[in-house]
Amino acid sequence: MPMHFIFSSEVELLFDFWRVHSPAGMAVSVLVVLLLAVLYESIKVGKVKLFHWSLHSHPPNDNQQLMECMDQESTSSGSAQANSDRTRLLLSHLGQSLLHVVQVVIGYFVMLAVMSYNTWIFLGVILGLAIGYYLAYPLLSVG
């Protein structure tokens, strides 16, 4: 395996079964890697949107009370509301954690694709990250 970037239509990407031997196969592989890079950027934005949603779903005073309720057992009559808030907070955190795991896995796949040292794949990743950033980051200011 060469340790420098090469222009070639033959490459093995990520798995043994993903062997490219033709220009058409390379075009499809570049498209798949480009879409993975767009998905990576989209997930980054999704994580931020979910985090902001979870922060704004509780007023600031409720957040402090919720944290206090999580630290101690609640035996008051408002425990149903505290349990509901606690469950919603935990589900939001679980969603953020799952999105993070998916983002890390996709990020490593993209990194390993670049480590094939194929220039076409590298350009597909760069273009995919640029397109993903261009399409996804304006969504942060919406809503």
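Residues numbered from 1 in each chain as written. Predicted model: local features only at pLDDT ≥ 70, side-chain atom pairs only at ≥ 80, totals over all residues. Heavy atoms only, no water.

Student: Give a detailed account of the environment of leucine 123, specifying residues and quantitative values.
Tutor: The topology assignment puts leucine 123 in helix α4 (residues 119-136). With relative accessibility at 42%, the residue leucine 123 sits in the partly exposed group. C-alpha separation for the pair leucine 123 and valine 30, spaced 93 residues apart in sequence, amounts to 8.2 Å. (Helix = DSSP H or I, 4+ residues; strand = E, 2+ residues; numbered from the N terminus. Buried < 20%, exposed > 50% of the residue type's maximum accessible area, 1.4 Å probe, protein only.)

Student: Go over the packing of aromatic side chains, please, and point to the residues and values.
Tutor: Overall, the coordinates contain six aromatic pairs when judged by the stated rule. Ring centres of phenylalanine 5 and phenylalanine 122 lie 5.0 Å apart, and the angle between their planes is 50°; on these two criteria the pair is classed as tilted. Placement of phenylalanine 5 in the segment before β1 (11-12) and of phenylalanine 122 in helix α4 is noted, with a sequence separation of 117 residues between them. Accessibility expressed as a relative area gives 30% for phenylalanine 122, which makes it partly exposed. Each ring, one from phenylalanine 15 and one from phenylalanine 109, has its centre 5.9 Å from the other, and the planes form 75°; the classification is edge-to-face. (Phe/Tyr/Trp six-rings, centres within 6.5 Å; stacked < 30°, edge-to-face > 60°.)

Student: Any chance you could break down the side chain of threonine 119 for me, citing the residues and the numbers?
Tutor: Residue position: threonine 119 is located in helix α4. Threonine 119 has contacts with Phe5, Ile6 and Phe7, leaving out every residue within four places of it along the chain. (Contact = heavy atoms within 4.5 Å.)

Student: Kindly report on α4, identifying the contributing residues and their values.
Tutor: Compared with an ideal rise of 1.5 Å per residue, which puts 18 residues at 26 Å, α4 spans 25 Å between its outermost C-alpha atoms and is within 8% of the ideal. Residues of α4 that are buried include every one of Thr119, Ile121, Gly124, Val125, Gly128, Gly132 and Ala136, and no others. Where α4 begins, one side-chain oxygen reaches toward the backbone nitrogen of tryptophan 120, 2.9 Å away; that side chain belongs to asparagine 118. (Expected span 1.5 Å × (residues − 1). Polar contact = N/O pair within 3.5 Å; in protein donor to acceptor, adjacent residues only side chain to side chain.)

Student: Kindly report on the nonpolar core, identifying the contributing residues and their values.
Tutor: Leu13, Met26, Val33 and Ile121 are the most contacted members of the largest nonpolar core, which totals 14 residues. Listing elements by their share of this core, those giving two or more residues are α1 (23-56), α3 (79-114) and α4. Setting aside chain neighbours within four positions, we find leucine 13 in contact with Trp18, Ser29, Ala113, Ser116 and Ile121. (Core = buried A, V, L, I, M, F, W, Y, C linked by side-chain atoms within 4.5 Å.)

Student: Outline the pattern of salt bridges, listing residues and values.
Tutor: Tallied over the full model, the rule gives two salt bridges. A salt bridge links arginine 19 to glutamate 12; the shortest N-O distance between them is 3.4 Å. Residue classification places arginine 19 among the partly exposed residues on the basis of a relative accessible area of 47%. Judged by relative accessible area, glutamate 12 falls into the partly exposed class, the value being 38%. With a closest N to O distance of 3.5 Å, lysine 44 and glutamate 41 form a salt bridge. You can see lysine 44 and its partner glutamate 41 sitting in helix α1, three residues apart, about one turn around the helix. On the basis of relative accessible area, lysine 44 is assigned to the partly exposed category, the value being 25%. (Salt bridge = Lys/Arg side-chain N within 4 Å of Asp/Glu carboxyl O.)

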